Structures are given as structure tokens and as C-alpha cells.
Amino acid sequence: MDLSESVTNYQPAETDSENRPQNRSVTNVAVLGTTGSIGTATVDVLQNLNRLDPQSGWRLWAASGHRNVDGLLEIVETLAADPDHGSSPIDRGVTPGCNDSRRIPERLVFSDRQAVSEPSALDRLGRAGLDRSNVRFGPDALVDVARADEVDVLVAAIVGRAGLESTVAAVEAGKRVALANKETLVVAGDLVQKKLAQNGGALLPVDSEHSAIFQCIASSHAKPRKLILTASGGPFRSASKSAMAAATPKDALAHPTWQMGPKISIDSATMMNKALEIIEARWLFDVSSDQIEVVIHPQSIIHSMVEFVDGSVLSQMSPPDMRMPIQYALTYPRRLPCPAPELDFRQPSELTLEPADLDRFPALALGFEVARCGGTAGAVVNAANEVAVELFLDEKIRFDQIVPTARKVLECHTFEPSPTLSRLLELDRWARQETRLCTGNVD
Ligand SMILES: NC(=O)C1=CN([C@@H]2O[C@H](COP(=O)(O)OP(=O)(O)OC[C@H]3O[C@@H](n4cnc5c(N)ncnc54)[C@H](OP(=O)(O)O)[C@@H]3O)[C@@H](O)[C@H]2O)C=CC1
Ligand SMILES: CC(=O)[C@@H](O)[C@H](O)COP(=O)(O)O
Ligand SMILES: [Mn+2]
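Please read these numbers as outputs of a predicted model, since none were measured by experiment. (Residues numbered from 1 in each chain as written. Chains lettered and ligands numbered in written order. Predicted model: local features only at pLDDT ≥ 70, side-chain atom pairs only at ≥ 80, totals over all residues. Heavy atoms only, no water.)

Participant: Residue-level account of the overall build of the protein, with values.
Facilitator: Within the protein one finds 20 helices and 12 strands. A compact globule built from 443 residues should have a C-alpha radius of gyration of about 22 Å, and the protein, at 21 Å, falls within 12% of that. With the C-alpha coordinates of the protein rotated into their principal frame, the extents come out at 65 × 55 × 45 Å. In the protein, which comprises 443 residues, the share counted as buried stands at 58%. For the protein, the share of sequence-separated contacts (at least 6 apart) that also reach a separation of at least 24 residues comes to 74%. A total accessible area of about 18,500 Å² is found for the protein, and carbon and sulfur atoms account for 50% of it. Charge separation in the protein, taken as the distance between the mean sites of 44 positive and 58 negative side-chain charges, equals 1 Å. (Helix = DSSP H or I, 4+ residues; strand = E, 2+ residues; numbered from the N terminus. Rg over C-alpha atoms; globule rule 2.2 N^0.38 Å. Buried < 20%, exposed > 50% of the residue type's maximum accessible area, 1.4 Å probe, protein only. Contact = heavy atoms within 4.5 Å. Areas by Shrake-Rupley, 256 points an atom, 1.4 Å probe, with all protein chains shown as cover. Lys, Arg positive; Asp, Glu negative; His and termini not counted. Charge placed at Lys NZ, Arg CZ, Asp CG, Glu CD.)

Below, the structure is given as C-alpha cells:
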């Protein structure tokens, strides 16, 4: 089944409500990775939708954090004080506000058990109105949330391979998944696509480039001939190789246009982010690697482009603010006012496009190769990259060692074309160990 078709054929929220338990007009959203950059932007979108969406109500039914206990509790406290959160439009019309218990997420997951061991954290949970029975610990609790009957939409906002199992569980349960966690498709795109076809859910892209492509395809109802991914070029777009070799974590984290978590910020600096996005696009839109191009667009206004068979090219533009693609994945096919700023074409501005430098950014060739190979290649490169990024942030390797290390680990592995999920997870563990070994960082 063509995934782009399954995405565009997805039935909108109006028809969903008939099938929901108790005919709820409130959409229950589970945001995994709530404390992160995408997670907090999603909470802002939900609060805004409750103020503006006359057709439905939105509730953060489940939230998760890993280490940032205070951050998660602050989010719970903010929502508990928001009279619109969790209420349906009927509640808002008849009795403004909703009962307090619905403002508080029904499930709170701390995926790192150790993070909540202090008594002060447990006290604060109680003061926020959380019943201890609603709080779960450990990675298995993420999977339970992703499958829960009450969940209408899962926002997959955990960073890295750690987001894989919960995203797969939601796909298996036939949920609408708003996918920020691109690593899921990098590691297991083929398997996820097959599970999606079997279970009838929907995978809606949150990643800005893929949301842009999806918006172009959805509005033209035609199959694309080519996908043109835009890349900002990151903080080292014009840097020399020697400057990149000497780059510190602080230099590399300073993304010119986007505010993002540390791992994706380093990926943008090496352009491994674009490599991961090439692989993500290959699986999400069921195109071959030959149908994908990358072009540098430093302003991050054109989020990507699609070329059709007649040579027409469509692009999607908006300011660099993730709340727009997040909201579209939640409300598709409806468009609603969004808290993100607007473009102002009355101000002088420049939108430029330039070719990518494959020599200074070897990640791009690696991305195309992995997208072409499929099989076990994505899991291995992803794991090696995740470890190499951590090592760079800990100042154990240089910036310019990240991508060559990922390639080296890929070349050390024996390719398998049709791995199972458990085999991919085994290779993920192997590649992490191999990365530490080949960089001399074994504990
Ligand atoms: N930020 C952006 O603008 C964009 C991000 N994306 C993708 O979205 C995903 C999230 O990115 P971003 O929000 O920037 O990342 P952040 O680092 O800001 O947030 C990561 C989230 O994942 C949680 N987390 C970290 N490790 C684990 C783990 N082992 N198990 C469970 N949860 C964990 C963190 O919890 P805690 O903080 O509590 O430890 C946090 O909630 C990534 O896959 C990224 O590539 C895609 C496009 C744009
Ligand atoms: C916001 C988003 O989608 C990021 O993936 C962004 O694309 C990163 O910017 P780069 O283009 O520099 O990788
Ligand atoms: Mn992106």
C-alpha cells in the first residue's frame, strides 16, 4: 500500500468522534517526550486549539518525561490551571471550564525510573493533583500508553531510537500517529510501513520538511515525481573543514534558524539530520532514493518542495516554528488558526537556494546510500550516529569524527535485507558497542 495514499485517505476528526467511546467530542492526545522541544510546542498547540477550535476539545491524556521531572510537573501544573484544557465545546458552552480531574493527564510516565526516586518529586506529584496510580515508570509504560484504548492520537516526540517501540505499538494499535521521531523510520521504515498497511492507522509527519511535502501532495492529489528537501546548512554552512574539525559543542549547538533539542541540533550541524530525513522521506512517501534531492535554503522558510510529472513544483512556506506542522498533523485535513507567527511579505526579504556541498558534508552521500539499501543499514547508522553525537557532546571525539564514525560502523556490519524488529534492536545494540570500541571509548 502506498503510504502517501493511506495518509491522504485518512478520515478527519468529525467522523472519528462517532467511533470513540462515549461519543466524546474531546480528542485524547498522548504526547511521548512531552518535556522536549516538540513536546512543549505540542502542549502550546493543544492549549491554543482549546481556545480556538469550535468543533472539538483537546486533552493531554498522557504525557511522558525521561529525566526532566520538574519540567513534566510544570506542564501538568500549567494544564491544571487552564480552564479550557480537556473540555469539549459543549462543556465550554454550558458550564465554562471542565472538571479539574480532566485537566490533569490520566497517565504520566517517567521513562527513567531513577529520575523520580527523590521524595520531593513524589510530594510534588501529589500536590499537582496526581493520583499515584496514574503515574507509571520505565520504558514499558510508554508502550502501554501508546496502545491504550483511550488514546486517539499519539505524538511521537521522544528523541532517538528510544522512541521506536512506543511508535510501533501505536501503529500496531491503528492509532493516528503524529511523527516527530524520525529515527523510527530510519531504523525500521519498511516494517513500520507494512504494519501501517495491516492495521489501518495513519502516520502524519511532524518533521517540517515532510509536513511540507505532505501538504503539497495532499493539496494536489497527485503522486510526486521528485521530492526536494530543503536544508538550512546549519551553523557550519559556510565553514571550512578545519573550522569544523575545531568546532566545540557550543558552536555546533548554535543552529541559525531553529530552536531544537541537542541531538537534532548536532545532526543539523553535521547534516546527518538531512541524511536521516532522506531515509524518512523514502519510507514515508514510498519513493526511491533517486527521487529525492537536497538543496540548501538558509532562511528555513521554504520547508521543502515537490515536483510532479508535468514539471510543476509546489512548495510550502511558513516561518521556522514547529507549532504549524505539529498542529497540521493533529487537525488534518482541517486547518485552524495557529499560535506560530505569520510571514510578512511586505518586509524586504530574501529566499535563496544553493547546492549542497557533498565534500564538506559527507553525511548526505551516506543518507542516500542507506535509503537505497534499506534492510539493516538504517538501524546501524542511526545507532552509531546517536553514540557519536553523545561522545562529541561529552568532548570525547571531534565534530568531524561523527559522520566518518557512523560510516565506519556501517561498513563493519554484514548487511541483511529483511530483518525482523528484534534483529534490528540487536543490531542497534551491536552498533552502539562498536561505535564506542572504534572510537576508543569503552568504559
Ligand atoms: N525540535 C524540533 O524542532 C524537531 C524535532 N524533530 C524530532 O523530534 C524528536 C524530538 O526532538 P526534540 O524535541 O528536539 O528533542 P528534545 O531533546 O528537546 O526532547 C527529547 C524528549 O525525549 C525524552 N527522552 C530522552 N531520552 C529518552 C529515553 N531514553 N526514553 C524516553 N524518553 C526520552 C526527553 O525527556 P527528558 O527531557 O525529560 O529527559 C524529552 O521529552 C527527535 O526525533 C527529533 O529528530 C523533528 C523535527 C523538528
Ligand atoms: C525543524 C526541522 O524540521 C528540523 O529537522 C530542521 O529541518 C533542522 O534544520 P536543518 O535543515 O538545518 O537540518
Ligand atoms: Mn526537519
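Participant: Break down the packing of aromatic side chains for me, with residues and values.
Facilitator: Under the definition given, this model contains six aromatic pairs. With 6.0 Å between their ring centres and 55 degrees between their planes, F214 and Y328 make a pair best called tilted. Taken together, the residues F214 in helix α11 (residues 208-220) and Y328 in helix α16 (residues 323-331) connect sequence positions 114 residues apart. Take F214 and Y328: they sit in the same class, and that class is buried. With a centroid separation of 5.6 Å and 75 degrees between ring planes, the pair formed by Y328 and Y332 is classed as edge-to-face. Among the residues examined, Y328 registers a relative accessible area of 7% and is labelled buried. (Phe/Tyr/Trp six-rings, centres within 6.5 Å; stacked < 30°, edge-to-face > 60°.)

Participant: Go over the site of ligand 1 with me, naming the residues and quoting the values.
Facilitator: Taken together, 25 residues form the shell around ligand 1, and within it T35, H66, R67, N68 and E183 come nearest. A distance of 3.2 Å separates an oxygen atom of ligand 1 from a polar atom in the backbone of G36. At 2.8 Å, a backbone N or O of R67 approaches an oxygen atom of ligand 1. Across the complex, the protein chains shield 86% of the 900 Å² of accessible surface that ligand 1 would expose by itself. Those elements giving two or more residues to the shell around ligand 1 turn out to be α3 (37-52) and α14 (262-270). (Near = heavy atom within 4 Å. Polar contact = N/O pair within 3.5 Å; in protein donor to acceptor, adjacent residues only side chain to side chain.)

Participant: Report on the UniProt feature "binding site: Mn(2+)" (unreviewed entry) in the protein, specifying residues and quantitative values.
Facilitator: UniProt marks D207, E209 and E277 with the feature "binding site: Mn(2+)" (unreviewed entry), using the numbering shown here. A maximum C-alpha distance of 8.5 Å places the annotated residues, which cover 71 residues in sequence, within one compact spot. Structurally, the position occupied by D207 is in the loop between β7 (202-205) and α11. Its location among the elements puts E277 in helix α15 (residues 272-284). On the basis of relative accessible area, E277 is assigned to the buried category, the value being 1%. Ignoring any residue separated from it by four or fewer positions in sequence, one finds E277 in contact with K182, D207, E209, H210 and L229. (UniProt positions renumbered as here; feature names shortened; annotations may be inferred.)

Participant: Outline the side chain of Q327, supporting the account with residue identities and numerical values.
Facilitator: Secondary-structure assignment places Q327 in helix α16. A relative accessible area of 3% places Q327 in the buried class. Look past the residues within four positions of Q327 in its chain and what remains in contact with it is V45, N48, L49, L336, P337, C338 and P339.

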